[in-house]
Structures are given as C-alpha cells and as structure tokens.
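Coordinates in review
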Amino acid sequence: MTAYQWFVFFLVVQLIHGLGTWKLYEKAGKKSWEAFIPVYNSIVLMKIINRPTWWTFLLFLPVINLIMFPVIWVETLRSYGKNSTTDTILGIATFGLYIYYVNYTQNVTYIKDRNTIATTKTGDTVSSLLFAIVVATFVHTYFIQPFVIPTASLEKSLLVGDFLFVSKFNYGARTPMTPIAAPMVHDTLPLLKVKSYLPKPQLPYFRFPGFEKIKNNDIVVFNWPADTLYNMYKNTDVRHDKPIDKKTNYVKRCVGIAGDSLQIKNGIVFINGKKLILPERAKPQYSYNIALDGKVDIDFEYLLKDMNVTDGAGFKSENRDTLFVQALTFENAARFKNIPGIKSVTRYISKGPENGIFPNFKNKPQSVVNNWSSDNFGPIYIPQQGKTINIDTKVLPFYKKIISEYEANDLKVVGNDIFINNKKATTYTFKQNYYFMMGDNRHNSLDARFYGYTPEDHIVGKPIFLWMSWDSNGKGFNKVRWNRVFTTVGGDGQPQSYFQYFLIALALYFGVDYFLRKRREKE
C-alpha cells in the first residue's frame, strides 16, 4: 500500500471508530464530534477509560497496536458496566464491533471513577503479562534486538554461536512494514514452524533519524535481499516473495557504501581505487594450498585446532602432497610457512569465469561476459540516493533488480530500448542508498558478490554487544567461550570482556538489596 492509500485507510478507521462510539462519548460527558477527530479521539478515549494519555502513542505503533486494540476494546466496555466474561469475549471476538451493539442498543451508564486495578489474581497476571509483552516488543522493535550468529561468514570477528545485541537506533529504527505479525519473533512461529505474519497489508518504509551513518567496514545486520524462502526452516525451490522486514536476517561487513566505486583484485577489496584498510579486529580469511615435501610427519589436526580453523580442510590427492585449507588468516598462513616439512603456502585465487557471480546477463552468466570471479570482481558503482546514471542494455543487468523490484518501477526492454513506467529511458535516478556487504571468510560467504546490492530499507541495525558465546563443539564448562562473554563488537583494539564487572555489579546489587530488606524488617 502507498502512503496515500494508508492515509485513506487511516481515515476510514477513524470514521468506523466514531460511528461506533459517539453515543458512548456523549454518555461520558464529551461531545459526539470528539469521537471522529483522528488522534484527538484517542486522547479523549484514554480519559474516558481512565488510562494514561501516553497509551495513545502505543495505538499507532505497528505490531504493538495489535496488542493494545483488544485491551482498549475491553477497557471501553468495562467503563460502561460491561464486565462479564461474555462481554469480554464478544468484544475481542468481534474485533471491537460489539461496541457498536452497546452504542446503539444498550442503555448503559458511564462509570466515571472505575477502578482499573485487577480484582482477581488471574486478571492481575494477565495485565502484567500484557504490559511485559508491550514493553519487550517496543524495546525489540525500536531499540535493541537479540541476534545469534548462524554461519561462519564473519568467522574470527563473529563466531557461530555468538549471541548479540543489535542496536536499532544507531542507524535509525525502522518501523515495522508488516503490521499484522506476532511480536518478538521473525518470520516463523517457534515450534509450530508456520508464518508469523500476514503478508498484506504492508506499511510504507519509514526510518527514524539515527545518530550515525553506515561507514565502510561497519558490521551490519540486514534483511537478505535475495531471500525467497517460505520460512527459515524450509529451503524449497518454490519462489516465495517475503515482505522486506520478514526476510532472513543476515550479518556481514559493509565494505562499500553508497557512492563508492568497488573492485576486488585477487581477493583484496579496493574502494575508489584505494585498498580498503580493515580494522584491527577484522580477520579476513582465504583458502590456501599448502605443498608438503613428505619427509616430515606433521600433525595437521592439532595445528588446525590450535589455529582455531573451523572450516573444511583436506588433502587434494591420494599421495597427500598438498593440503587445501578453506579459511586461513594471513597470520596463520605465515605460521604454516615456518613449519618444517612445508614447501610452500599459496593463497588460492578464484579465476573467472565463476558461475553465480552478480549480476546475471540475459542468456549468459555474468562471469562469462566479464570473466569475473569472487576474487576478481568489478569495478562497479554502488548506487547513491539522488544520483543519476546513464543506462543501456549493457549496464542494465547491474541495476535491473533495483529499478524493477527494490524501487517498484515497471521495467521493460524492447530490442535495445529501455522503458521505465512506459516511458523510454536513457537515464535513471536512484531513490535510496545501497550498500555492498561481504563476509570476512572470503570463500565461505554468500554475500554481495553473488546477490548484489543491499537497499537501505533492508538495514536492520548495528551489532554493538556480545553477551554470550556458545561453542557447540565444546564440552562441559568449555561450551561457553568465556573470553567473548560481555564484549563489544566494534571499537579499536582487540575485544575486552566486561563479564567480571557485570558479576561485581550484580553482587553489589544483591548485597544492597539484602541490606535494605533487612533494615526495613527491623524498622
């Protein structure tokens, strides 16, 4: 739905509310017209049901309002003496339309000083639970979201089993685009493994202002642009177009930002003609061929474990003269060079053409057209909002998905002519910024080299804090990577754990709490 369509829908909802409650407003000593004025009617209604005015704000927050609407329906009915279980069920089951029946057919009396405190233990529990869900959903949606690292694409910087807190406010919180969805879950309901949302309607994209922009080398959580899976648990060949905010969450390093020219030469990223200098914490990994002289017996299993190499490694032939290691840092590669019995350590460079490389030209893979690979790629321009480029059939494959899918234009190609929204076009102006996301584990990362640009409206947030790290291969006490618990994700230098400070603060809290309780008992 467009912004205009949502505005019309909003006015219709206000009209429905007014028609169903204007008599109830009058019985509460208000004017009937007050039931029809958008936003103001909600403020007045909060006074009628004896609830705080700030609840009005919650009614306009997507997903949270799904929790609040039933509460408001029930509270409205109870403000006019409709307190029975039947009234409550009818109010919720009819999506509030039961209020119409009360408004037009029942001679009810407004209870001005109604007690809003639950009178039963069950009611108190339900009220507390609803409040907790609202608060948690608000924090989850607009401030901090928990996230777990599922793959090794950022290995060494972020490990499989790392549990993160992802900040929504650094880059600006994005309001939910799928308003009818279960709170605090992504695209699938746990256990049931069914969709957690209705794909329609969709809200227009909106993002609150952030206090920083995405920079080169930032680690970013985003919705995977190429995601067409029905859910995260079933990988089928059937295309399923998912709403933007329900696409699978990915985490990669943003190597190129809007307006950059990016090129990869022999696996090294260059931005605007200059080598991209990675931060100290980044540990890029590449595949290596390690040639052996066969005269020295080397315990590779111990070496790879000591180097914390988690990706695949194996001999390339039966005579075991060459070991192939999929993911080695530069430091570990240099370490191999100093081991007796190793003749050479050569970084593997993927030569073109390589299948699957972005983009796909008509009838031919991109790799065949430009001889590109995952290690030799580009140069390409990363689109910037407001910038205009010349387009023809040769460059169109780079921006076809942007024009037709991400920016929702009608794109047609007739011979060598390009038509956008039924008008012949030789230029195109981008409507939003785009980013180029890559994993540090260069040969084990499904990233922008394969699916292309990430639109700004797909950005979720910035990982800021690692609160737990779980090693599935560890045993007992060592299943927790204690040196990673309570560490920051960004920043200069090597990560430092703040876990001991947390334990000290926790001990102080319980100590002070115990002391205060004892003092109150004496008094």
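Residues numbered from 1 in each chain as written. Predicted model: local features only at pLDDT ≥ 70, side-chain atom pairs only at ≥ 80, totals over all residues. Heavy atoms only, no water.

1. A look at the overall build of the chain
Scanning the chain for helices and strands turns up 13 helices and 23 strands. A principal-axis box enclosing the C-alpha atoms of the chain has dimensions of 95 × 80 × 40 Å. The 523 residues of the chain split such that 45% are buried. Of the contacts formed within the chain by residues at least 6 apart in sequence, a portion of 66% connects residues at least 24 apart. For the chain, the accessible area works out to roughly 28200 Å², and carbon and sulfur atoms hold 59% of it. Considering the chain, the positive charge centre built from 63 side chains and the negative charge centre built from 42 side chains are found 4 Å apart. (Helix = DSSP H or I, 4+ residues; strand = E, 2+ residues; numbered from the N terminus. Buried < 20%, exposed > 50% of the residue type's maximum accessible area, 1.4 Å probe, protein only. Contact = heavy atoms within 4.5 Å. Areas by Shrake-Rupley, 256 points an atom, 1.4 Å probe, with all protein chains shown as cover. Lys, Arg positive; Asp, Glu negative; His and termini not counted. Charge placed at Lys NZ, Arg CZ, Asp CG, Glu CD.)

2. Considering the packing of aromatic side chains
Applying the stated criterion across every chain yields a total of 43 aromatic pairs. Arranged with centres 6.1 Å apart and planes meeting at 85°, the rings of F324 and Y348 form a pair that is edge-to-face. Of this pair, F324 sits in strand β10 (residues 322-329) while Y348 sits in the loop between β11 (342-347) and β12 (360-361), placing them 24 residues apart in sequence. Residue Y348 is classed as partly exposed on the basis of its relative accessible area, which comes to 35%. (Phe/Tyr/Trp six-rings, centres within 6.5 Å; stacked < 30°, edge-to-face > 60°.)

3. A few points about the sheet that holds strand β9 (residues 313-315)
Read from one edge to the other, the open sheet built from 4 strands follows the order β9-β10-β8-β11, with strand pairing classed as antiparallel. Two strands bound the open sheet, and with one partner strand each, they are β9 and β11. Taking each pair of neighbouring strands and ignoring which way they run, the sheet shows an average axis angle of 25°. Sheet topology note: the β9/β10 ladder contains 3 bridges and is antiparallel. Paired with G314 across the bridge in β10 is F324. (Pairing = 2+ DSSP bridges. Axes fitted to C-alpha atoms, helices over the stretch in contact; angles between N-to-C directions.)

4. Thoughts on the side chain of S445
Within the secondary structure, S445 sits in the loop between β20 (434-438) and α12 (448-451). In terms of polar contacts, S445 uses its side chain to reach the side chain of K252, at 3.1 Å. Within the local environment of S445, its side chain forms a polar contact with the backbone nitrogen of G439, the two atoms lying 3.3 Å apart. Apart from the residues within four sequence positions on either side, S445 is in contact with S153, K252, M438, G439 and F450. (Polar contact = N/O pair within 3.5 Å; in protein donor to acceptor, adjacent residues only side chain to side chain.)

5. What to know about the sheet that holds strand β16 (residues 411-414)
Two pairing modes exist for strands in a sheet, parallel and antiparallel, and in both the strands are linked by backbone hydrogen bonds. Ordered by their spatial adjacency, 3 strands build an open sheet running β16-β17-β18, and the pairing between neighbours is antiparallel. Looking at which strands have only one partner, the edges of the open sheet turn out to be β16 and β18 (423-424). Taken together, the 2 bridges between strand β17 (residues 417-420) and β18 define a ladder with antiparallel strand orientation. Bridging across to β18, F419 finds its partner in K424. With respect to the sheet, helix α11 (residues 396-406) is in contact with β16 and β17, its orientation differing from that of β16 by roughly 140°.

6. Side note on the environment of T429
Along the chain, T429 falls in strand β19 (residues 427-429). Given a relative accessible area of 37%, T429 falls into the partly exposed group. The spacing of T429 and E521 is 92 residues in sequence and 71 Å in space, taken between C-alpha atoms. Sequence-distant contacts of T429, that is, excluding residues within four places in its chain, are made with G386, K387, T388 and E407. At 2.6 Å, the side chain of T429 forms a polar contact with the side chain of T388.

7. Focus on α11
Owing to its 3.6 residues per turn, the α-helix brings residues three or four apart onto one side. Turning to α11, its buried residues number three or more, namely L396, P397, F398, Y399, I402, I403 and Y406. Immediately downstream of α11, the backbone of A408 shows phi near 55°, a positive value.

8. Examining the side chain of D187
Considering the arrangement of structural elements, one finds D187 in the loop between β2 (162-167) and β3 (219-223). Polar side-chain contacts of D187 include one of 3.0 Å to the side chain of T188.

9. Re the pattern of salt bridges
Across all of its chains, the model carries 16 salt bridges by this definition. The partner of K242 in a salt bridge is D187, with the nearest N and O atoms 2.7 Å apart. A residue pair is termed long-range when its members are at least 10 positions apart, and K242 in the loop between β3 and β4 (249-256) and D187 in the loop between β2 and β3 qualify at 55 residues. Note on K242: relative accessible area 6%, which makes it buried. It is possible to trace a salt-bridge network through shared partners that takes in D162, D471, R481 and R484. (Salt bridge = Lys/Arg side-chain N within 4 Å of Asp/Glu carboxyl O.)

10. Quick look at a nonpolar patch on the surface
Together, Y4, F7, V8, L11, V12, I16 and L97 make up an exposed nonpolar region whose accessible area comes to about 670 Å². Take L11: it is sitting in helix α1 (residues 3-27). (Patch = residues over 30% accessible without salt bridge, like charges linked within 9 Å, V, L, I, M, F, W, Y side chains within 5 Å.)

11. Quick word on the packing of helix α4 (residues 64-78) against helix α6 (residues 98-105)
Direction vectors running N to C along α4 and α6 enclose 20°, while the axes themselves pass 10 Å from each other. Judged by the inter-axis angle, α4 sits roughly parallel to α6. Between α4 and α6 lies a crossing whose hand is left-handed. Where α4 approaches α6, its residues W73, T76 and L77 are matched on the opposing element by Y98, I99 and V102. Among the residues forming the contact of α4 with α6, the class breakdown is 5 nonpolar, 1 polar and no charged. (Parallel < 35°, antiparallel > 145°, perpendicular 65-115°, else oblique. Left-handed = near helix turned anticlockwise from the far one by under 90°. Nonpolar A, V, L, I, M, F, W, Y, C, P; charged D, E, K, R; others polar.)

12. Details of the pairing of β3
Within β3, 5 of the 5 residues are buried, leaving the element largely enclosed by the surrounding structure. Residues I219, V221 and N223 of β3 are buried on one face, and the alternating residues V220 and F222, pointing to the opposite face, are buried as well. Across 5 bridges, β3 lies against β4 in antiparallel orientation. For V221, the partnering residue across the bridge sits in β4 and is V251. Of the pairings in the sheet, the one linking β3 to strand β22 (residues 459-469) comprises 2 bridges and is antiparallel in character. Across the sheet, residue F222 finds its bridge partner in β22, namely I459.

13. Some details on the nonpolar core
Formed by 31 residues in total, the largest nonpolar core has its most connected members in L262, F377, F436 and Y453. Going through the elements one at a time, β5 (261-265), β6 (268-271), β14 (377-381), α11, β17 and β20 are the ones with two or more residues in this core. In this structure F436 touches R253, C254, V255, G256, L262, F377, I380, I382, A448, R449 and Y453, once residues within four positions along its chain are discounted. L24, V71, I99 and A173 belong to the second-largest nonpolar core, a separate cluster that totals 29 residues. (Core = buried A, V, L, I, M, F, W, Y, C linked by side-chain atoms within 4.5 Å.)

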